[in-house]
Amino acid sequence: MTTVTPTLLREWRHAFHRRPETAFEEHRTSARIVEILEDAGIEMVTGLGGGTGVVAWVDGRHGGERAIGLRADIDALDVLEANDVDHASAAPGKMHACGHDGHTTMLLGAACALAEAPDFAGRVYFIFQPAEENEGGGRVMVEEGLFTRFPMEAVYGVHNWPGLAVGEAAVHDTAVMAAFDVFRVKLTGHGCHAAMPHLGKDVVLAACQLVNQLQGIVSRETPAHQTAVMSVTQFHAGDAYNVMPETVELCGTVRCFDPELRDHLETRFRQAIAAMATFHGLEADIDYQSRYPATFNTPAHAARCAEVLETLPDIRRVHRDLPPSMASEDFAFMLQQRPGAYIWLGNGEDSASLHNPHYDFNDALAPIGVAYWAALARTLLGNSERDAP
């Protein structure tokens, strides 16, 4: 058995932080997760979710057939760390800029704590999921049969939240995170000398007009009571001062909550590009991909999570009225298959934002996360088969 202490959690978390691995490449991370679980005598299946995912489980001492799932993401980001700390990333250009090192640590701590004191009925599954950032590891695990191989009645997730004080949490009744689409648009015209633009077809001018026009789809075609964000995040064109380039490429994201609005935005996006290309005499190539659905909690399960949080001595406040985030989460794929809830735990009011090179998971949060997971499992499963979820 492994006795979980704040010092041990910090050691685990710092080790994960030093060795960040990105989507579907989390081999060292996965091996360390397995090692910790084996030391605690916990059963598991490895090689999931494209090869690096792990699902472990602990059975309660009171028998029972019911089961729930607790999930953590394990991957890092392609970000160059700017922190000057002893546990800074040793992998240039990669870092745990979203706190998945802390999420992994908290779930490992909960698994060890519940294995040491399995005072509940039924089974708790611990889902260590790869490739949350952009690549949909949650979708891959679901498609591989996560919920048929490991039957569970509900599934739960946690994310640390910068700007929210440590000791505070947020629980949403329904919408938590937005749907996430990505696009790449390549406009092809006719290059020429910059001194003679009339001899070419100006892709830069067209692309600049397009960036402005796309914003109107959100500001003038999205109902005021709905939320949407369309962001052009990349603009690539040209190599010289005096050459009008032949091509320009734009990339970005589209986010919203409503499925019908999501379809409308894609349709109008394509129409706007086609019209702009026709006006300027350009060719347009569009790659538009729907990545993650919106993350929606099940209201009854969200309420139970809030109730559990309110019983924890280290939780001072549970927010029930914070607006959902326009960021996205592939835990949404799991919540499409099973009821459950995804909550936020405060990472500190002075924490750098997620995906920022100065971000670092707050080690003071890890014991709180472990306590929450353990209390949630014990509360939902109870100590007999007759206990209601």
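Before going into details, it helps to say that this report is about the structure given with it. (Residues numbered from 1 in each chain as written. Predicted model: local features only at pLDDT ≥ 70, side-chain atom pairs only at ≥ 80, totals over all residues. Heavy atoms only, no water.)

## What about the side chain of Ser328?
As a reminder of what qualifies: Helix and strand definitions here come from DSSP, where helices need a minimum of 4 consecutive H or I residues and strands a minimum of 2 consecutive E residues; each element is numbered from the N-terminal end. Buried, partly exposed and exposed residues are distinguished by accessible area as a fraction of the type maximum, computed with a 1.4 Å probe on protein chains only: under 20%, between the cut-offs, and over 50%, respectively. Polar contacts, as used here, are pairs of N or O atoms within 3.5 Å; protein pairs need one atom able to donate a hydrogen and one able to accept it. Residues neighboring in sequence count only if both atoms are side-chain atoms. Residue contacts are counted whenever heavy atoms from the two residues lie within 4.5 Å of one another.
Among the secondary structure elements, Ser328 is positioned in the loop between β15 (317–319) and α9 (332–337). Note on Ser328: relative accessible area 14%, which makes it buried. Engagement of the side chain of Ser328 in a polar contact is seen with the backbone oxygen of Ala178, the distance being 2.8 Å. For Ser328, the side chain forms a polar contact with the side chain of Arg255, separated by 2.9 Å. Excluding residues that lie within four positions of it along the chain, Ser328 makes contacts with Glu132, Met177, Ala178, Ala179, Phe180, Arg255 and Tyr292.

## Topic: the environment of Val124
In this structure, Val124 sits in strand β4 (residues 123–129). When the C-alpha positions of Val124 and Gln336 are compared, they lie 20 Å apart, and in sequence the two are 212 residues distant.

## Regarding the pairing of strand β16 (residues 340–348)
Stated formally: Any two strands between which DSSP finds at least two bridges are classified as paired.
Among the nine residues in β16, nine count as buried, and that is most of the element. Where strand β6 (residues 168–170) lies against β16, two bridges are found, and the strand directions are antiparallel. Looking at the pairing, Ala169 lines up with Leu345 of β16.

## Looking at empty space enclosed by the protein
A water-sized probe, rolled over the atoms, reveals where empty space remains. This is how the line gets drawn: Cavity: a set of points on a 1 Å grid over the protein atoms alone where a 1.4 Å probe fits but cannot get out. Pocket: an open set with protein on both sides within 12 Å along at least five of seven lines, its lining residues, like those of a cavity, having an atom within 4 Å of a point. Grid points are joined across faces, edges and corners, and a volume is the space filled by probe spheres set on the points. Side-chain classes are defined by residue name, with Ala, Val, Leu, Ile, Met, Phe, Trp, Tyr, Cys and Pro counting as nonpolar, Asp, Glu, Lys and Arg as charged, and the others, Gly among them, as polar.
All chains considered together, the criterion is met by one cavity of 30 Å³ or more. Considering only enclosed or pocket space, the largest cavity measures out at about 40 Å³ in volume. Class assignment of the residues belonging to the lining of the largest cavity gives a composition of four nonpolar, one polar and two charged.

## As for the pattern of salt bridges
Heads up, the rule is: Here, a salt bridge means any side-chain nitrogen of Lys or Arg that lies within 4 Å of a carboxyl oxygen of Asp or Glu.
Enumeration according to the criterion identifies 19 salt bridges in this entry. Where Lys94 meets Asp78, a salt bridge forms, and the shortest distance between an N and an O atom there is 3.0 Å. Linking Lys94 in the loop between β3 (67–73) and α3 (100–116) with Asp78 in the loop between β3 and α3, this pair joins segments that are 16 residues apart in sequence. Exposure remark for Asp78: the relative accessible area of 58% places this residue in the exposed category.

## Concerning the side chain of Arg71
Along the chain, Arg71 falls in strand β3. Note on Arg71: relative accessible area 1%, which makes it buried.

## Details of the sheet that holds strand β13 (residues 283–292)
In plain terms, the rule: In this description, a line fitted to the C-alpha atoms serves as the axis of each element, helices being fitted only across the stretch in contact, and the angle between N-to-C directions of two axes falls anywhere from 0 to 180 degrees.
Taken in spatial order, the four strands of this open sheet run β10-β12-β8-β13, and their pairing is antiparallel. Two strands bound the open sheet, and with one partner strand each, they are β10 (228–237) and β13. The mean angle between the axes of side-by-side strands here comes to 15°, regardless of whether they run parallel or antiparallel. Strand direction decides the pairing type here: strand β8 (residues 179–188) and strand β12 (residues 247–256), joined by ten bridges, are antiparallel. When the sheet's bridge partners are listed, Ala179 is paired in β12 with Cys256. Sitting on the sheet, helix α6 (residues 203–221) touches β8, β10 and β12, and the angle it makes with β10 is about 170°. Relative to β13, helix α7 (residues 259–280) is tilted by about 165°, and along the sheet it contacts β8, β10, β12 and β13.

So, to be careful, I would describe these as geometric facts and stop short of saying anything about function.
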